[in-house]
2 protein chains.
Amino acid sequence: MSHPHDLLVVGSVALDSVETVSAFREEVLGGSASFVSVAASFFCPVRLVAVVGDDFPPEHVAYLEERGIDIEGLQRQAGRTFRWRGRYSSDLNHRTTLDTQLNVFAGFRPELPPACRRTGLVFLANIDPTLQLEVLSQVERPLIVGMDTMNFWIEGSRAALERVLQRIDFLLLNEEEARLLSQDHNLSRAARAIQRLGPTNVVVKRGDAGALLFHGEQVFAAPAMPLSEVVDPTGAGDAFAGGFMGYLARTWTEGPLDGRLLRRAMICGSTMASFCCEDFSLDRFRTLQMDQIEERFSAFRHLTHFEDLTIT
Amino acid sequence: MSHPHDLLVVGSVALDSVETVSAFREEVLGGSASFVSVAASFFCPVRLVAVVGDDFPPEHVAYLEERGIDIEGLQRQAGRTFRWRGRYSSDLNHRTTLDTQLNVFAGFRPELPPACRRTGLVFLANIDPTLQLEVLSQVERPLIVGMDTMNFWIEGSRAALERVLQRIDFLLLNEEEARLLSQDHNLSRAARAIQRLGPTNVVVKRGDAGALLFHGEQVFAAPAMPLSEVVDPTGAGDAFAGGFMGYLARTWTEGPLDGRLLRRAMICGSTMASFCCEDFSLDRFRTLQMDQIEERFSAFRHLTHFEDLTIT
């Protein structure tokens, strides 16, 4: 078994236009698979499968390659790249989608190059669950599979979604999606209900309230790092997934997934999500160094740890 | 210096009527000072200063005495006790106040019996900051002072509030109040701005997202315990304050407040808040035992702790 494992990421690559109260960025690199891949690339070899149009800027391709990401599976099709435009509220906790143009992404059919079919870990970012199933059918024997989804598929493609859920190890989703999927407002019960649909592990992402890991009967709470300056939260949940899966790919050896390792993976996810918020698009990752990742991981320990109770 | 210290609690004692989706309680024991006092009484001697009307049920007085709370400062006045009526949303995360009748609480003037004037720790629950100042003027040399407040005083009694803030060690408030007081949506910056108004320590309570302690330049994040059944969150923030201040009264000896002790106090606060949510009013505390408190404290360690990063 080679080590570290490699990670296959399948999802969207997009051009995002983002408005906040203080700034605006036009057609910057975005898309779930971009954030997952780049965040994971700090930990393990990554293979990206996605589609872009013939207008996709070559400098974005160059950046993905610079991060060491295998882009053999990045299809280029005639037409325009997926575009998304959104505006954040002044407190950055709410966003409004102003425009979505699927463009070439509307006809995306993931086709895995031979090397991608033998990856150890797979992350199915937020795409049609029917396509997620097609990806899984093309991978030979994945060791660990994680996935994300969204309200659109939960409400519109429930049957296909439930088939994927039976074949994965980790579902990462946000709290509203967890409530919608389980039809239960209580997050603990919601996560337990989702576990009964298939995945042993459910990660509920809660934005600036952190993330909860439900691992078998165990629960782990990772806080979000309190940042004094949040520039753009776009992609933070995907950066979390990239840090989480990337750390598993880097350190997991074999056998059942250990809770201690999963807890560290949650903090790596929180670490990458916190960096993601510090700048627009993937810009913070362009200068990020491994020692800064290690330093922030340690900051999470300082943020959360405490000693045994002493009742004198 | 006697040990443990005693805690003076000044605030409201009320009769609450609470509606949730699944149940309804009419005129049960409530009020900020009730929740703070009862939660703290598991850790230290408590002296309660508040006012009730001549309709206040004797069984509630008996319960406070049963908890060992000194009620010499509980004034009884002709008239009706403070009443509050509220309804929770189905997910229990939002509540609507249906009715507030201040009754005898409208004319509350805290008068401290001699024993109360010499307490080591003081908690000023959510009352008019002018009254909070009157309380402080009656206490001889308090060692540690904590306080709560609310949007009504932040917006309407800013000058008096700022005078109290200069005389306290701990401000506990919820995140909306922190944003309102600081005029900054970012919680880290908001807490730093509040520290500049006086208190070295600011605790931002965030409901089911936990609580943040800003202690000098340090930050500590305490999660909320994920509960599979939340019955009634009324008073959880006050129970947090009671657990927090009660633990300080029990264990702090002298000298500057140590961050390690404050972290454990935060978890004692979170522990008492989590128990508070498990039943209506103060009912969960009626059967609560110290070994259950210790067990939940340990559960918080299991919920949050993780090992050093290993990048192999």
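Here the structure is a predicted model, which is why all the values come from computation and not from measurement.

Enquirer: It is not clear to me how the overall build of chain A should be interpreted in this structure. Could you clarify?
Expert: A tally of regular secondary structure across chain A gives 11 helices and 13 strands. Each of the three principal axes of chain A carries a C-alpha extent, and together these read 70 × 45 × 40 Å. Counting every position in chain A, which comprises 312 residues, the buried fraction comes to 52%. Contacts in chain A between residues far apart in sequence, at least 24 positions, make up 67% of those at least 6 positions apart.

Enquirer: Even after reading the chapter, I still don't get the interface of chain A and chain B, so can you show me in this structure?
Expert: How big an interface is tends to be stated in terms of accessible area lost as the parts join. Facing 35 residues of chain A, the contacting portion of chain B comprises 35 residues. Of all the elements in the fold, those that place two or more residues in the side of chain A that touches chain B are helix H7 (187-195), strand S13 (218-222), helix H8 (236-251), helix H9 (259-276) and helix H11 (290-304) of chain A.

Enquirer: Can you help me understand the confidence of the model for chain A in this one?
Expert: One rule of thumb: low pLDDT means the predicted coordinates there are not for detailed reading. On average, chain A scores 96 in pLDDT, and the residues at 70 or more come to 99%. Reported confidences for the modelled complex are a pTM of 0.96 and an ipTM of 0.94.

Enquirer: Just checking my understanding: could you explain the relation of the copies chain A and chain B for this structure?
Expert: Here the second copy of the chain follows from the first by a rotation about an axis and a shift along it. The two copies are related by a screw operation: chain A maps onto chain B through 180 degrees of rotation and 0.0 Å of translation along the axis, at an RMSD of 0.0 Å. The transformation just described matches what one would write down for a two-fold rotation axis. For chain A, the minimum C-alpha distance to the rotation axis belongs to Ala209(A) and amounts to 2.6 Å.

Enquirer: Help me understand the environment of Asp91(B), please; the structure alone is not making it clear to me.
Expert: In this fold, Asp91(B) is placed in the loop between strand S6 (83-88) and strand S7 (95-101). With 14 C-beta atoms packed within 10 Å, Asp91(B) lands in the partly exposed category.

Enquirer: Would you mind showing me how to read the sheet that holds S6(B) here?
Expert: Residues and elements named next belong to chain B. Here 4 strands make up an open sheet; going across it, the order is S3-S2-S6-S7 and the pairing mixed. Each end of this open sheet is capped by a strand with a single partner; those strands are strand S3 (24-30) and S7. With direction set aside, neighbouring strand axes in the sheet form an average angle of 20 degrees. Pairing analysis gives 5 bridges linking strand S2 (residues 14-19) to S3, with the strands arranged antiparallel. Along S3, the bridge assignment pairs Val-18 with Arg-25.

Enquirer: What's the story with the nonpolar core in this structure? I'm lost.
Expert: Considering soluble globular proteins, one finds that nonpolar side chains tend to be buried as a cluster. Formed by 208 residues in total, the largest nonpolar core has its most connected members in Val9(A) and Val9(B). For Val9(B), the contacting residues outside a window of four places in its chain are Ala33(B), Val36(B), Ser37(B), Ala40(B), Val46(B), Leu48(B), Phe123(B) and Ala125(B).

Enquirer: Help me out: how do you make sense of the packing of helix H9 (residues 259-276) of chain B against helix H11 (residues 290-304) of chain B in this one?
Expert: All names here are of chain B. Contact geometry for H9 and H11: axes closest at 9 Å, N-to-C directions at 115 degrees. Taken together, the axis directions place H9 and H11 in an arrangement best described as roughly perpendicular. Crossing of H9 over H11 shows right-handed handedness. Facing Ile-267, Cys-268, Ser-270, Thr-271 and Ser-274 of H9, the residues of H11 in contact are Ile-293, Arg-296, Phe-297 and Phe-300. Partitioned by chemical class, the residues of the contact of H9 with H11 number 5 nonpolar, 3 polar and 1 charged.

Enquirer: For this particular structure, what's the right way to read the pairing of strand S8 (residues 121-124) of chain A?
Expert: Residues and elements named next belong to chain A. The alternating pattern of S8 places Leu-121 and Phe-123 and Val-122 and Leu-124 on opposite faces, both of which are buried. Bridging between strand S1 (residues 7-10) and S8 involves 4 bridges; their strand directions are parallel. Across the sheet, residue Val-10 finds its bridge partner in S8, namely Leu-124. Here S8 runs beside strand S9 (residues 144-148); their pairing, made up of 4 bridges, is parallel.

Enquirer: Help me out: how do you make sense of H9(A) in this one?
Expert: Each full turn of the α-helix corresponds to 3.6 residues, which orients residues three or four apart in the same direction. Helix length check: H9(A), at 18 residues, gives a terminal C-alpha distance of 26 Å against a target of 26 Å (1.5 Å per residue), a fit within 8%. Among the 18 residues that make up H9(A), 15 are buried, leaving the element largely enclosed by the rest of the structure.

Enquirer: Help me understand the pairing of S7(B), please; the structure alone is not making it clear to me.
Expert: Two faces belong to every sheet, and in a regular strand the side chains alternate between them. Residue and element names in this part refer to chain B. Buried residues are scarce in S7, accounting for 0 of its 7 residues. Alignment of S6 against S7, held across 6 bridges, turns out to be antiparallel. Among the inter-strand pairings, Arg-87 is bridged to a residue of S7, identified as Thr-96. Linking S6 back to S7 in an antiparallel pair, the connection comprises 6 residues, with Leu-92 at a positive phi of about 65 degrees.

Enquirer: For this particular structure, what's the right way to read unusual backbone geometry?
Expert: Leaving glycine out, the prevailing phi sign among residues is negative, and the prevailing peptide bond configuration is trans. Despite not being glycine, Asn103(A) shows a phi value in the positive range, around 50 degrees. Look at Asn103(A) and you get partly exposed, because 19 C-beta atoms sit within 10 Å. Positive phi values are uncommon outside glycine, yet Ser281(B) reaches one of about 50 degrees. With respect to the helices and strands, the residue Ser281(B) is situated in the loop between H9 and helix H10 (283-287).

Enquirer: How should the sheet that holds S13(A) be read in this particular structure?
Expert: Note: strands within a sheet are paired through backbone hydrogen bonds, in either parallel or antiparallel orientation. Residue and element names in this part refer to chain A. If you trace the 9 strands from one edge of the open sheet to the other, you get S5-S4-S1-S8-S9-S10-S11-S12-S13, paired in mixed fashion. Since the sheet does not close on itself, it has two edges, and those belong to strand S5 (70-77) and S13, each with one partner. Going across the sheet, the axis of each strand differs from the next one's by a mean of 15 degrees, ignoring polarity. Across 5 bridges, strand S12 (residues 211-215) lies against S13 in antiparallel orientation. Residue Ala-211 lies in a different strand from S13, and its bridge partner there is Ala-222.

Enquirer: What should I look at first to understand helix H5 (residues 158-165) of chain A in this one?
Expert: All names here are of chain A. All buried positions along H5 are accounted for by Leu-161, Val-164 and Leu-165. Buried residues of H5, seen end-on, are gathered within an arc of 100 degrees and therefore sit on one face of the element. Packing partners of the buried residues in H5 comprise helix H3 (129-138), S9, helix H4 (151-156) and strand S10 (170-174).

Enquirer: Quick question: what am I supposed to make of the environment of Ser12(B) here?
Expert: Mapped onto the fold, Ser12(B) is located in the loop between strand S1 (7-10) and S2. For the pair Ser12(B) and Leu288(B), spaced 276 residues apart in the sequence, the C-alpha separation amounts to 23 Å.

Enquirer: Any chance you could explain the environment of Met225(A) here in plain terms?
Expert: Residue and element names in this part refer to chain A. Along the chain, Met-225 turns up in the loop between S13 and H8. A residue is classified by how many C-beta atoms lie within 10 Å of it, and Met-225, with 22 of them, is buried. Note: C-alpha distance between Met-225 and Ala-273 (48 residues apart in sequence) is 9.0 Å. Those residues in contact with Met-225 that lie beyond four places of it in its chain are Ser-270, Ser-274, Arg-296, Ala-299, Phe-300 and Leu-303.

Criteria and thresholds
Residues numbered from 1 in each chain as written. Chains lettered and ligands numbered in written order. Predicted model: local features only at pLDDT ≥ 70, side-chain atom pairs only at ≥ 80, totals over all residues. Helix = DSSP H or I, 4+ residues; strand = E, 2+ residues; numbered from the N terminus. Buried ≥ 20, exposed ≤ 12 C-beta atoms within 10 Å, placed from the backbone. Contact = placed C-beta atoms within 7 Å. pLDDT = per-residue confidence, 0-100. Least-squares fit on C-alpha atoms with pLDDT ≥ 70 in both. Pairing = 2+ DSSP bridges. Axes fitted to C-alpha atoms, helices over the stretch in contact; angles between N-to-C directions. Core = buried A, V, L, I, M, F, W, Y, C linked by C-beta atoms within 7 Å. Parallel < 35°, antiparallel > 145°, perpendicular 65-115°, else oblique. Left-handed = near helix turned anticlockwise from the far one by under 90°. Nonpolar A, V, L, I, M, F, W, Y, C, P; charged D, E, K, R; others polar. Expected span 1.5 Å × (residues − 1). Arc of directions from axis to C-beta.

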